[in-house]
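In case you want the letters, here they are:
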2 protein chains.
Amino acid sequence: MAEPFHCDFANQLFMGHLGNHMLNAADFHSNDRGFGMNYLNTIGKTWVLSRLAIETVEMPKSYTQFYIETWVESAMKYFTKRNFKITDAQTGKIYGYGRSIWAMIDTETRQPTNILDINDGDILKYVDKEKECQMAQNSRVGISDAARLARVIDTHYNDVDMNGHINSIKYIEHVLDLWDIEWYRKHQIRRFEVAYVAESHQGDKLCFYTESTAADAADNDKANEQEYGVRICKRENTNSTEADDERQWEETEVCRCKVTFAVIP
Amino acid sequence: MAEPFHCDFANQLFMGHLGNHMLNAADFHSNDRGFGMNYLNTIGKTWVLSRLAIETVEMPKSYTQFYIETWVESAMKYFTKRNFKITDAQTGKIYGYGRSIWAMIDTETRQPTNILDINDGDILKYVDKEKECQMAQNSRVGISDAARLARVIDTHYNDVDMNGHINSIKYIEHVLDLWDIEWYRKHQIRRFEVAYVAESHQGDKLCFYTESTAADAADNDKANEQEYGVRICKRENTNSTEADDERQWEETEVCRCKVTFAVIP
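Read on for an overview of the structure. (Residues numbered from 1 in each chain as written. Chains lettered and ligands numbered in written order. Predicted model: local features only at pLDDT ≥ 70, side-chain atom pairs only at ≥ 80, totals over all residues. Heavy atoms only, no water.)

**Some words on the pairing of strand E4 (residues 94-106) of chain A**
Residues and elements named next belong to chain A.
Link 1 in the chain: Counted residue by residue, E4 has 12 buried out of 13 residues, so it is predominantly covered.
Link 2 in the chain: Pairing analysis gives 11 bridges linking strand E1 (residues 45-56) to E4, with the strands arranged antiparallel. Bridged to Lys45 within E4 is Asp106.
Link 3 in the chain: The pairing of strand E3 (residues 80-88) with E4 spans eight bridges and is classified as antiparallel. Paired with Thr80 across the bridge in E4 is Trp102.
Link 4 in the chain: Here E3 hands over to E4 after five residues, with Gly92 in that stretch at a positive phi of 80 degrees. (Buried < 20%, exposed > 50% of the residue type's maximum accessible area, 1.4 Å probe, protein only. Helix = DSSP H or I, 4+ residues; strand = E, 2+ residues; numbered from the N terminus. Pairing = 2+ DSSP bridges.)

Given below as structure tokens:
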């Protein structure tokens, strides 16, 4: 259900909460089939989300019940693709789709490990190549060096998940917070795409660099769309001193996002 | 269920998410009985949360299923008290309790209205005075003028709920973010109490003033407890100019919180 306090000023489910439900669906689906985090953690491995893209026609309104369907599109040695479909529980109306790419790592060495080694490649039994996911593939999220620094934020206790890293969903929320309510009165999110590059930790400062990336004006379908690229970098304290002015901040890319808004007619 | 990505670094449900589940329980319970927001909104009235206190012995761990029971303790002309009990769905273990106080206002005039006017005082049929809520009553949350400014934050799109105000739960999260992960490795939240004084809106800056309030050293039960008061004030832009240095900020109290931590043995 789109819980009332998970909805924005316009009564629509926040994109971050939709993303969270999708990660839950992925987690439950893989746990139920024996290749989820719960099993992987017992053998020193874990899933790492590498890419997530969500396309929506419309967002569920408050109190609406909806389903998130998920399936594995493909599984290879180092990557697996998992898709999502979001539909209304009553009417069957399609709210949107999602695509994600996951890697598996060894929790000790943090190095990629072979997905097909888990239970003799059991995941392959669940691959469904035929099922349609009616949205574009994950694209290259490119941001030029001309992107301007739009905001710097601190990270806190509530940003950190069970893995000790900044929660993947928090990046989505922080990026969407770069626009204010006035903007959201006139624009709705059509597509959100994120490529995770590195992990960040509580205490890191996150820097948001944005640029407007041209939508194809020749494409009539996209005439009312606006696209932005956002690069998030972390500033880590690489000097062990606590004194603020003596800290040396080193900047590393954490993730790259692309947001497409459509003007509300 | 304590969803995996709603849990902190120590695998325990975040207090903010627990609070959100409690507000949902209150909402569903009152909607089901004809005096919830859904009905009130059709007659130009709404519930306003005035006080919330949560006491926990322990927090549900990730993937744990738990129940939130809620009931009306009392209903008067301008205030109603609603309690909560949080128990494990499998074992029946009690995680904690909650107390809340609500007023009803006219959405047009923002003035208090008579709760007992709704459906001829129907709410009185649901009052359960006998049911035990094993925690202290909502106390006076007092903070002295000596409290020091600990943090100033901006408010964004994701902070605002369907009513157009900063979401009640966000204050809880921002307050708990005043302590870092190192603190939470050594301390657990025993009690969180908040008194809501005024509404704030996106664009307001929130200022957090904190002070350590003495726990009763003579009380052996509380020897390992530490208590803090937090006052949140909003700084509104009262000048219509956009230029940052010409803005005139006026500070108004938004809410007062009291957090009690226990040292983890």
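**Concerning unusual backbone geometry**
Link 1 in the chain: Even without glycine at this site, A:Asn119 takes up a positive phi of about 45 degrees.
Link 2 in the chain: As for its position among the elements, A:Asn119 is in the loop between E4 and strand E5 (148-154).

**Describing helix H1 (residues 15-32) of chain A**
Link 1 in the chain: Its 18 residues give H1(A) an end-to-end C-alpha distance of 26 Å, which sits within 8% of 26 Å, the value for a rise of 1.5 Å per residue.
Link 2 in the chain: Where H1(A) ends, the next residue or the one after it, A:Gly34, has phi of about 85 degrees, a positive value. (Expected span 1.5 Å × (residues − 1).)

**Describing the packing of aromatic side chains**
What characterises a pair of aromatic rings is the spacing of the ring centres plus the angle enclosed by the ring planes.
Link 1 in the chain: Enumeration according to the criterion identifies 24 aromatic pairs over all chains in this entry.
Link 2 in the chain: Arranged with centres 6.0 Å apart and planes meeting at 70 degrees, the rings of A:Tyr184 and A:Phe261 form a pair that is edge-to-face. Of this pair, A:Tyr184 sits in helix H4 (residues 181-186) while A:Phe261 sits in strand E9 (residues 249-263), placing them 77 residues apart in sequence.
Link 3 in the chain: A:Phe261 sits in the buried class, given a relative accessible area of 0%.
Link 4 in the chain: Here the aromatic residues A:Phe9, A:Phe14, A:Trp179, A:Trp183, A:Tyr184, A:Tyr228, A:Phe261 and B:Tyr157 are joined through ring pairs into a cluster of three or more.
Link 5 in the chain: Here A:Arg33 stacks its cationic end above the ring of A:Tyr126, 5.7 Å away from the centre of that ring. (Phe/Tyr/Trp six-rings, centres within 6.5 Å; stacked < 30°, edge-to-face > 60°. Lys NZ or Arg CZ within 6 Å of the ring centre and 35° of its normal.)

**Considering the environment of B:Asn167**
Link 1 in the chain: Within the secondary structure, B:Asn167 sits in the loop between strand E5 (148-154) and helix H3 (168-176).
Link 2 in the chain: In sequence terms B:Asn167 and B:Lys93 are 74 residues apart; their C-alpha atoms lie 30 Å from each other.
Link 3 in the chain: Beyond its immediate sequence surroundings of up to four residues, B:Asn167 is in contact with A:Phe5, B:Asp159, B:Val160 and B:Asp161.
Link 4 in the chain: Within the local environment of B:Asn167, its side chain forms a polar contact with the backbone oxygen of A:Phe5, the two atoms lying 3.5 Å apart.
Link 5 in the chain: Looking at B:Asn167, its side chain comes within polar contact range of the main-chain nitrogen of B:Ile169, at 2.8 Å. (Contact = heavy atoms within 4.5 Å. Polar contact = N/O pair within 3.5 Å; in protein donor to acceptor, adjacent residues only side chain to side chain.)

Remember, this is a structural readout, not a statement about activity or role.
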